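Topology and contacts: notes
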Amino acid sequence: LREIPIGLDGNFSHEGFLHRVNSDLDNDFGNLVQRTLTMIGNYFGGAIDAPGEETAEDAAIRTEFDELKARVFDHYEACALNKALEEIWAYIGRVNKYLADRQPWIMAKDPALRPRLGRVLLQAAAAIRGASYLAYPVMPRSVDKVWGFLGEAAGPAGVRWEAIDFGGFGPGRKVGAPQALFPRVALKDFLATS
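Read on for a plain summary of the structure. Note that residues are indexed from 1 along each chain, following the sequence as it is written. For this predicted model, a pLDDT threshold of at least 70 governs which residues receive local features, and a threshold of 80 or more governs which side-chain atom pairs are given and counted, while totals over whole chains, interfaces and linings are taken from all residues. To get the side-chain values, all heavy atoms of the structure are used, and hydrogens and water are removed first.

Moving on to the overall build of the protein. Numbered from the N terminus, helices here are DSSP runs of H or I no shorter than four residues, and strands are runs of E no shorter than two. For the protein, the helix and strand inventory stands at seven helices and zero strands. In the protein, the succession of helices and strands from N to C terminus is α-α-α-α-α-α-α. Within the protein, the proportion of its 194 residues that are buried is 43%. When contacts within the protein are restricted to residue pairs at least 6 apart in sequence, long-range pairs at least 24 apart make up 75% of them. Every accessible area reported is derived by Shrake-Rupley at a probe size of 1.4 Å, with residue values counting cover from the shown protein chains alone. Entry remark: accessible area of the protein is about 9,900 Å², with carbon and sulfur atoms responsible for 54%. Each residue is placed in one exposure class: buried if its accessible area under a 1.4 Å probe, protein chains only, is under 20% of its type's maximum, exposed if it is over 50%, and partly exposed if it falls in between. The contact definition used throughout considers only heavy atoms, calling two residues in contact when any of these lie within 4.5 Å.

As structure tokens, then:
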């Protein structure tokens, strides 16, 4: 869906397909989910109760989601699934960079930075919840798993589009231990089974 626009010709290759699985799904999205929720589990026992105040950098992750939601809705309405997915994955890349720049694994070594660490991980978890919801129309089973890891009482199918917001994941939410969503696949193994 990311490679081929609906209604137009496109190129398909096994190599390109596996690149999407290993790069976009495993490295970008799966890794973001895995490391964020693992850090919340390791550093906060699975629930962040008292995060620090939101800084301008933190707020940018929230406001970018609000803008992203509107753009993705328009793409879905136009059946431009490839464009919707490009937008969602650009945001996922931004959240990965936000985490890498803040280095929560370093912050965790300083007890004085615990509120700041909590805020950074809370923003990342809220971004995961929002971005996964936006991807739900094209990957429902994977998003159901992500929402289960996030401790959501109901799946994304029960949340109306206009009701999804960044603040839906707040302090005190107990997250579960994540499992690998998208195992890496080697081309030779893939071709041997197809």
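Once the structure has been displayed, the description carries forward.
This next bit is on the side chain of glutamate 152. If you trace the backbone, glutamate 152 turns up in the loop between α6 (140-149) and α7 (187-193). Taking the relative accessible area as the measure of exposure, glutamate 152 reaches 17% and is therefore buried. Not counting the four nearest positions on each side in its chain, glutamate 152 is found in contact with Arg129, Trp147, Gly168 and Arg173.

Once that is clear, we can look at the pattern of salt bridges. Opposite charge on two side chains permits them to pair, given that their charged atoms come into close proximity. By salt bridge we mean one thing: a side-chain nitrogen of Lys or Arg within 4 Å of a carboxyl oxygen of Asp or Glu. According to the stated counting rule, one finds eight salt bridges in the structure shown. Among the salt bridges present, the one from glutamate 54 reaches arginine 62, with a minimum N-O distance of 2.6 Å. Since its relative accessible area comes to 30%, glutamate 54 is described here as partly exposed. Taking relative accessible area as the criterion, arginine 62 reaches 28% and is therefore assigned partly exposed. One continuous salt-bridge network, built from bridges that share partners, spans Arg129, Glu152 and Arg173.

Bringing the nonpolar core into the picture now. Within soluble globular proteins, side chains that are nonpolar generally end up buried alongside one another. For the purposes of this section, nonpolar cores are sets of buried Ala, Val, Leu, Ile, Met, Phe, Trp, Tyr and Cys residues that join through side-chain atoms within 4.5 Å. Ranked by size, the top nonpolar core spans 50 residues in total, and within it Ile88 and Tyr91 carry the most contacts. Examining the composition of this core, we find that 13 residues originate from one element, helix α5 (residues 114-135), more than from any other. Apart from residues no more than four positions distant in its own chain, isoleucine 88 is found in contact with Leu68, Val72, Tyr76, Ala131, Leu134 and Ala135.

Turning our attention to empty space enclosed by the protein. In the cavity and pocket records, a cavity denotes points on a 1 Å grid over the protein atoms alone where a 1.4 Å probe fits but cannot get out, a pocket denotes an open set with protein on both sides within 12 Å along at least 5 of 7 lines, and lining residues are residues with an atom within 4 Å of a point. Grid points are joined across faces, edges and corners, and a volume is the space filled by probe spheres set on the points. All chains considered together, the criterion is met by one cavity of 30 Å³ or more. Of the pockets and cavities examined, the largest cavity occupies roughly 30 Å³. Forming the walls of the largest cavity are Ile40, Gly46, Ala47, Ile48, Leu122, Phe169, Gly170, Pro171, Gly172, Arg173 and Val175. Throughout this entry, Asp, Glu, Lys and Arg are counted as charged residues, while Ala, Val, Leu, Ile, Met, Phe, Trp, Tyr, Cys and Pro are counted as nonpolar. The remaining residues, Gly among them, count as polar. Its residues assigned to classes, the lining of the largest cavity comprises seven nonpolar, three polar and one charged.

Another point: the packing of aromatic side chains. Geometry of aromatic contacts follows a simple scheme: Phe, Tyr and Trp rings, the Trp one being its six-membered ring, pair when their centres are within 6.5 Å, and the pair is stacked under 30 degrees between planes, edge-to-face over 60, tilted otherwise. Following the criterion strictly, the structure yields seven aromatic pairs and no others. One aromatic cluster is present, formed by Phe73, Tyr76, Tyr133, Trp147 and Trp161 through successive ring pairs.

In this model α5 runs 31 Å from its N-terminal to its C-terminal C-alpha over 22 residues, within 8% of the 32 Å that 1.5 Å per residue would give. The element α5 is largely enclosed, with a buried count of 19 among its 22 residues. Between the first and last residue of a helix there are one fewer steps than residues, each counted as 1.5 Å, and that sum is the expected span.

Now for unusual backbone geometry. Non-glycine residue cysteine 79 carries a positive phi angle of around 60 degrees. Looking at the secondary structure, you find cysteine 79 in the loop between α2 (56-77) and α3 (81-102). We note that glutamine 103 has phi near 50 degrees; this positive angle belongs to a residue other than glycine. As for its position among the elements, glutamine 103 is in the loop between α3 and α4 (104-107).

Another point: the packing of α2 against α5. For the pair α2 and α5, interaxial distance at closest approach is 10 Å and the crossing angle is 0 degrees. Overall, the two elements α2 and α5 adopt an arrangement that is roughly parallel. Every residue of α5 that contacts α2 at Asp58, Ala59, Ile61, Arg62, Phe65, Leu68, Lys69, Val72 and Tyr76 is listed here: Arg116, Arg119, Gln123, Ala127, Gly130, Ala131, Leu134 and Ala135. Here the contact of α2 with α5 is composed, by residue class, of 10 nonpolar, two polar and five charged. To define axes, lines are fitted to C-alpha atoms, for helices over the stretch in contact only, and angles between the resulting N-to-C directions are given on a 0 to 180 degree scale. Throughout, the term roughly parallel applies to angles under 35 degrees, roughly antiparallel to angles over 145, roughly perpendicular to angles from 65 to 115, and oblique to all others.

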